[in-house]
Amino acid sequence: MFRPMMPYIWVTMQSLFDPDGGMEALAPGAVLLRGQALAIDAELLAAIDAVVAKAPFRHMVTPGGFEMSVAMTNCGAAGWITDRKSYRYTTDDPESGRPWPAMPPVFRKLADAAAAKAGFPGFVPDACLINRYEPGTRLSPHQDRDEADFGHPIVSVSLGLPATFQFGGPRRADPLKKVALCHGDVVVWGGPARLAHHGVLTLKSGEHPMTGRRRFNLTLRKAL
Ligand code: MD3
Ligand code: FE
């Protein structure tokens with residue numbers, strides 16, 4: 001018996017309210033992918049734990065002599081550090097004298113998928129800075145300028161407690177906009193947004209079911 005193909009329409013909450021599939025332009029070159037990392041959150045947190053077992057979080061000191069309230073570590077061929085001498089990338093963890101732990105494949109895959117969605121196909125990060133925030137921790141506005149080629153985007157991944165992120169433009173005096181970054185959110189910063197000033201307001205206290213009183217942020221970069 002002849003049966004016509006069943007026509008159907010797939011309607012999800014996301015497709016109803018966000019026909020672009022969760023893509024939101026924060027600014028020219030800056031794309032927010034809400035919840036892009038949610039499906040792999042446990043895998044990402046386990047990979048952070050594995051990195052931290054080899055390269056523990058530490059509070060680095062700026063060239064000006066201030067200890068950062070954000071605790072940091074790295075994985076990949078290069079890692080970002082600051083000390084009394086300078087901000088720079090190193091191939092070895094200065095605390096251990098050993099190479100930074102390898103980049104977990106789940107980090108690389110997420111970065112590649114997010115960058116491609118945002119219009120940067122073939123992004124291959126060689127450095128991942130892992131930031132850990134606790135209530136009271138903040139990151140004052142700055143530019144990321146220690147990478148060799150600003151033609152590559154930076155992919156950031158937020159996990160755990162939510163934070164208010166602020167970003168402006170290439171000049172320090174450019175007005176700042178605020179956006180809440182929540183567990184699972186991914187942002188791709190490229191093109192004209194690559195040299196935007198940005199920072200994180202003081203983390204409010206709270207409890208996240210997977211991370212407790214902490215927020216983690218991954219920034220995946222092509223540094224070398
Ligand atoms: C905009 N991290 O590690 S992620 C950093 O939440 C850093 O820990 C913040 O700023 C955090 O350097 C913000 C979002 C982000 C990261 C890099 C950018 C935004 C950016 C580079 C250029 C422009
Ligand atoms: Fe930054």
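Residues numbered from 1 in each chain as written. Chains lettered and ligands numbered in written order. Predicted model: local features only at pLDDT ≥ 70, side-chain atom pairs only at ≥ 80, totals over all residues. Heavy atoms only, no water.

Colleague: Whenever I open this one, the nonpolar core confuses me. Can you help?
Modeller: As a rule of thumb, soluble globular proteins bury nonpolar side chains together. With 30 residues, the main nonpolar core has Leu 44, Ile 48, Phe 107, Ile 130, Val 155, Val 157 and Leu 220 as its most contacted residues. Elements with a minimum of two residues in this core: strand E2 (30-33), helix H2 (41-54), strand E3 (71-76), helix H3 (105-117), strand E6 (127-133), strand E8 (154-160), strand E11 (186-189) and strand E13 (215-221). The greatest single-element share of this core, amounting to six residues, is contributed by H3. Beyond its immediate sequence surroundings of up to four residues, Phe 107 is in contact with Leu 44, Ala 47, Ile 48, Cys 75, Cys 128, Ile 130, Leu 218 and Leu 220. Counting 29 residues, the second-largest nonpolar core is a separate cluster that includes Val 70, Leu 181, Val 187 and Trp 189. (Core = buried A, V, L, I, M, F, W, Y, C linked by side-chain atoms within 4.5 Å. Buried < 20%, exposed > 50% of the residue type's maximum accessible area, 1.4 Å probe, protein only. Helix = DSSP H or I, 4+ residues; strand = E, 2+ residues; numbered from the N terminus. Contact = heavy atoms within 4.5 Å.)

Colleague: Looking at this model, I keep getting lost on the sheet that holds strand E9 (residues 163-167). Mind explaining?
Modeller: What holds strands together in a sheet is hydrogen bonding between their backbones, with the strands either parallel or antiparallel. Strand order in the open sheet formed by four strands is E7-E12-E9-E10, with antiparallel pairing between adjacent strands. Single-partner strands in this sheet number two, and they are strand E7 (139-142) and strand E10 (177-181). Shown here is a sheet whose adjacent strand axes are inclined to one another by a mean of 20°, direction ignored. Two strands pair when backbone bridges link them, and E9 and E10 are joined in this way by five bridges, in the antiparallel orientation. When the sheet's bridge partners are listed, Gln 166 is paired in E10 with Lys 178. (Pairing = 2+ DSSP bridges. Axes fitted to C-alpha atoms, helices over the stretch in contact; angles between N-to-C directions.)

Colleague: Mind showing me how you'd approach the pattern of salt bridges here?
Modeller: Pairing of side chains with opposite charge becomes possible as their charged atoms draw close. Overall, the coordinates contain nine salt bridges when judged by the stated rule. Close ionic contact of Glu 147 with Arg 221 constitutes a salt bridge, the shortest N to O distance being 2.8 Å. Separated by 74 residues along the polypeptide, Glu 147 in the loop between E7 and E8 and Arg 221 in strand E13 bring together distant segments of the chain. Across the pair Asp 174 and Arg 171 runs a salt bridge whose closest N-O atoms are separated by 3.2 Å. (Salt bridge = Lys/Arg side-chain N within 4 Å of Asp/Glu carboxyl O.)

Colleague: Looking at this structure, how should I read the environment of Asp 92?
Modeller: Topologically, Asp 92 is positioned in the loop between strand E5 (87-90) and H3. Remark: the alpha-carbon pair of Asp 92 and Gly 76, spanning 16 residues in sequence, is separated by 9.9 Å.

Colleague: Explanation requested: the site of ligand 1 in the structure shown.
Modeller: Close to ligand 1 lie 19 residues, the nearest being Asn 131, Tyr 133, His 198, Arg 215 and Arg 221. For ligand 1, an oxygen atom lies 3.1 Å from a polar atom in the side chain of Asp 144. Taking His 198, its side chain carries an N or O atom lying 2.9 Å from an oxygen atom of ligand 1. Relative to its unbound accessible surface of 500 Å², ligand 1 loses 98% to contact with the protein. For the shell around ligand 1, the secondary-structure elements that each account for two or more residues are E6, E7, E8, strand E12 (198-200) and E13. Ranked by residues supplied to the shell around ligand 1, first place goes to E13 with four residues. Looking at side-chain class alone, the shell around ligand 1 contains nine nonpolar, six polar and four charged residues. (Near = heavy atom within 4 Å. Polar contact = N/O pair within 3.5 Å; in protein donor to acceptor, adjacent residues only side chain to side chain. Areas by Shrake-Rupley, 256 points an atom, 1.4 Å probe, with all protein chains shown as cover. Nonpolar A, V, L, I, M, F, W, Y, C, P; charged D, E, K, R; others polar.)

Colleague: Any chance you could explain H2 here in plain terms?
Modeller: Each full turn of the α-helix corresponds to 3.6 residues, which orients residues three or four apart in the same direction. With 14 residues, H2 should reach 20 Å at 1.5 Å per residue; the first-to-last C-alpha distance of 21 Å fits that figure. What H2 keeps buried is the set Asp 41, Leu 44, Leu 45, Ala 47, Ile 48 and Val 51. Projected onto a plane normal to the axis of H2, the buried residues spread over an arc of 160° and lie on a single side. The exposed residues of H2 that point more than 90 degrees off its buried face are Asp 49, Ala 53 and Lys 54. Looking at the buried side of H2, the elements it contacts are E3, H3, E6, E8 and E13. (Expected span 1.5 Å × (residues − 1). Arc of directions from axis to C-beta.)

Colleague: Looking at this model, I keep getting lost on the side chain of Asp 93. Mind explaining?
Modeller: For Asp 93, the position within the fold is in the loop between E5 and H3. On the basis of relative accessibility, which here comes to 2%, the residue Asp 93 falls in the buried class. What Asp 93 contacts, discounting residues up to four positions off in sequence, is Ala 55, Arg 58, Arg 98, Pro 99 and Trp 100.

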